[in-house]
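One-letter residues, chain by chain:
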Amino acid sequence: MKQPSSDCEKSCKKYWHTYVEVPTSADRYSTMVQMVLTYVVTRLAGLRQSTIRFILPLFLLCSVVPAKAATYYLATNGNDGNPCSQSLRCQSFNRAYQVARSGDTVLVAGGNYSQQNIVRNANITGSNSQIPDGNEVTFKPETGTVNVSGLGISTTRGTPAEHIAFEGLTFTGFTVISSGNDVHFTRCTFRALFMALWANYYSVRNSDIGSHNEADGLDLYGNVDGVQPTNGLIENNIIHDISTTDPLAHPDALATYGVNNLTVRGNKFYKNACINYRGDGADRGTIVIENNTFGQTVSYAGGISCGPSAQIHGDGALIRYNTIEGSVQQVGSGEGDGQLWEGNIITGNVGYGQCPVGSGTIAQYNVWNSNNPTNCGGAANVGLANLTSMFVTISPTGSTGSDLHLVAGAAAIDRGNPSRYPSTDLDGKTRPIGGGPDAGAVEFGTTAKPDPPTNLSVVTN
Ligand SMILES: [Ca+2]
Ligand SMILES: [Ca+2]
């Protein structure tokens, strides 16, 4: 919730002798109005008529200003019969969410929390946003580590929980947005599957995902009742060590099936057993995959070895400025039509040493293995026999995978599309540096070349 405007606060406080921040938000607004009314009524007898004329418009002005955002508290030994105050804490996430209003914060004391299920609170309102914009109820640790052994958002279709943000929590069991609008995770840790089903406007950013066995890292799955997870953003995460020791398990680091509008940007995938990115032909809308590094997939003893680093089959997907250590698999026959592959580094084969096969798909300005054609419907690609010397280190099984930053003299430097590139790279540096944008996720060099001055003139004394 917005705070009272400073003007209102300054001018009103003189008259609101009893103005305080009301801790229970459910009745905050009506309580505040009640307090002002009581004050006005009790003072009227002693006021001159001119003062009344002054106070009443002021009251009308101030009474429509929302109350200050509130903070609520959870603890593992709290009680949901409490008002979720600092001294009388609640225990469940849902209880805090039902008590809270848009813009409020829930501080969660460190400890282990059992499965949490959050359901709709129709009093939490506002517009949807792609990243948190302040209208959410935000859960964050108060002290120490908060482990949540499972999280479900609105299991009932058609009644989504809305406007929720999680910051810095650790999820040790499945996290499932069954039905939710404007739901965001920032700087969280996921040690089990994250799944979005009927989600709309959702994001996972700056988080650590993986270090678990058999299950996928993120599943963005639509086509449940014909509804797709829509408007997703997966950004600046590390997605790693998703392993399997089961020859029948097929854990994908990020799997999509019928998403609508998805951006996957600036993530680092490494040490994953199967496919880093498995996109489906049912994906629709604007699909943007950029500035990611996809490490080579890794075999775990006894487990399946999938081979390709990425499979991206959605029609119209834009796949640009990624560094892909390994091969890219294409399916064709009606899938992956109209894609644009631009400015990527791909160390292995595309398809089976072919151009991407979707109808109308163009691949250009990529730096890739010389097994692949140099022209795939666009400007020339660069084919090299050995690309690995371009990188700082190739170590697919190392603790943090390969370091896919470019070294001086790498063939990918300045080989992107000079007229079209992301404004920044994986590290957040402004592109381009040097003579043009580099292919791959990371621009080589440390500083942008300054523009030459245009307004110099000779001054003579
Ligand atoms: Ca929002
Ligand atoms: Ca450059």
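Only a predicted model underlies this, so the values are computations on that prediction, with no experimental measurement involved.

## Points about the overall build of the chain
The helix and strand tally for the chain stands at four helices and 33 strands. Counting only residues that meet the buried cut, the chain has 46% of its 461 residues in that class. Long-range pairs, those at least 24 residues apart, make up 55% of the contacts in the chain between residues at least 6 apart in sequence.

## Considering the pairing of strand E16 (residues 238-243)
Across the six residues of E16, five count as buried, placing the element largely inside the fold. Pairing between strand E13 (residues 208-213) and E16: five bridges, direction parallel. Across the sheet, residue Gly210 finds its bridge partner in E16, namely His240. One ladder, built from three bridges, connects E16 with strand E19 (residues 268-270); its direction is parallel. Within E19, the position partnered with Ile239 by the bridge is Phe269.

## Here we look at the sheet that holds strand E11 (residues 189-190)
Pairing in this open sheet of 12 strands is parallel, and the strands run E3-E6-E9-E11-E13-E16-E19-E22-E25-E28-E30-E31 from one edge to the other. Looking at which strands have only one partner, the edges of the open sheet turn out to be strand E3 (111-113) and strand E31 (382-384).

## Things to note about the environment of Phe190
Of note, Phe190 is situated in strand E11. For the pair formed by Phe190 and Val148, sequence separation is 42 residues and the distance between their alpha carbons is 9.7 Å. Beyond its immediate stretch of four places on either side in the chain, Phe190 contacts Phe171, Thr175, Ser207 and Ile209.

## Points about the pairing of strand E10 (residues 175-186)
With respect to burial, E10 is a largely interior element, 11 of its 12 residues being buried. Of the strand pairs in this sheet, strand E7 (residues 151-153) and E10 are connected by three bridges, and their pairing is parallel. Across the sheet, Gly152 pairs through a bridge with Val176, a residue of E10. Bridge count for strand E8 (residues 161-167) against E10 is six bridges, and the pairing is parallel.

## A few points about the confidence of the model for the chain
On average, residues of the chain score 84 in pLDDT, and 81% of them are at 70 or above. Low confidence marks residues 1-64, where pLDDT is under 50. Its contacts with residues over four positions away, or in another chain, come to 54 contacts.

## Things to note about the nonpolar core
Within soluble globular proteins, side chains that are nonpolar tend to cluster in buried spots. Residues Ala96 and Val106 are the most contacted members of the largest nonpolar core, which totals 101 residues. In this view, Val106 contacts Tyr72, Leu74, Ala96, Ala100, Val137, Thr138 and Phe139; residues no more than four positions away in its chain are not counted.

## Considering unusual backbone geometry
Residues Arg431 and Pro432 are joined by a peptide bond in cis, for which omega reads -10°. Looking at the secondary structure, you find Pro432 in the segment after strand E33 (403-406). Positive phi, close to 60°, is recorded for Asn236, a residue that is not glycine. Here Asn236 shows up in the loop between strand E15 (230-235) and E16.

## Points about the environment of Ala412
With respect to the helices and strands, Ala412 occurs in the segment after E33. You can call Ala412 buried: it has 25 C-beta atoms within 10 Å. Put simply, Ala412 and Ile345 are 67 residues apart on the chain and 7.4 Å apart in space, counted from C-alpha to C-alpha.

## Quick notes on the environment of His240
Note that His240 resides in strand E16. For His240, a count of 24 C-beta atoms within 10 Å corresponds to the buried category. In this structure the C-alpha to C-alpha distance between His240 and Gly210, which are 30 residues apart in sequence, comes to 5.1 Å. Contacts of His240, omitting those with residues within four sequence positions, involve Gly210, Ser211, Phe269, Tyr270, Lys271, Asn272 and Gly401.

Criteria and cut-off values
- Residues numbered from 1 in each chain as written.
- Chains lettered and ligands numbered in written order.
- Predicted model: local features only at pLDDT ≥ 70, side-chain atom pairs only at ≥ 80, totals over all residues.
- Helix = DSSP H or I, 4+ residues; strand = E, 2+ residues; numbered from the N terminus.
- Buried ≥ 20, exposed ≤ 12 C-beta atoms within 10 Å, placed from the backbone.
- Contact = placed C-beta atoms within 7 Å.
- Pairing = 2+ DSSP bridges.
- pLDDT = per-residue confidence, 0-100.
- Core = buried A, V, L, I, M, F, W, Y, C linked by C-beta atoms within 7 Å.

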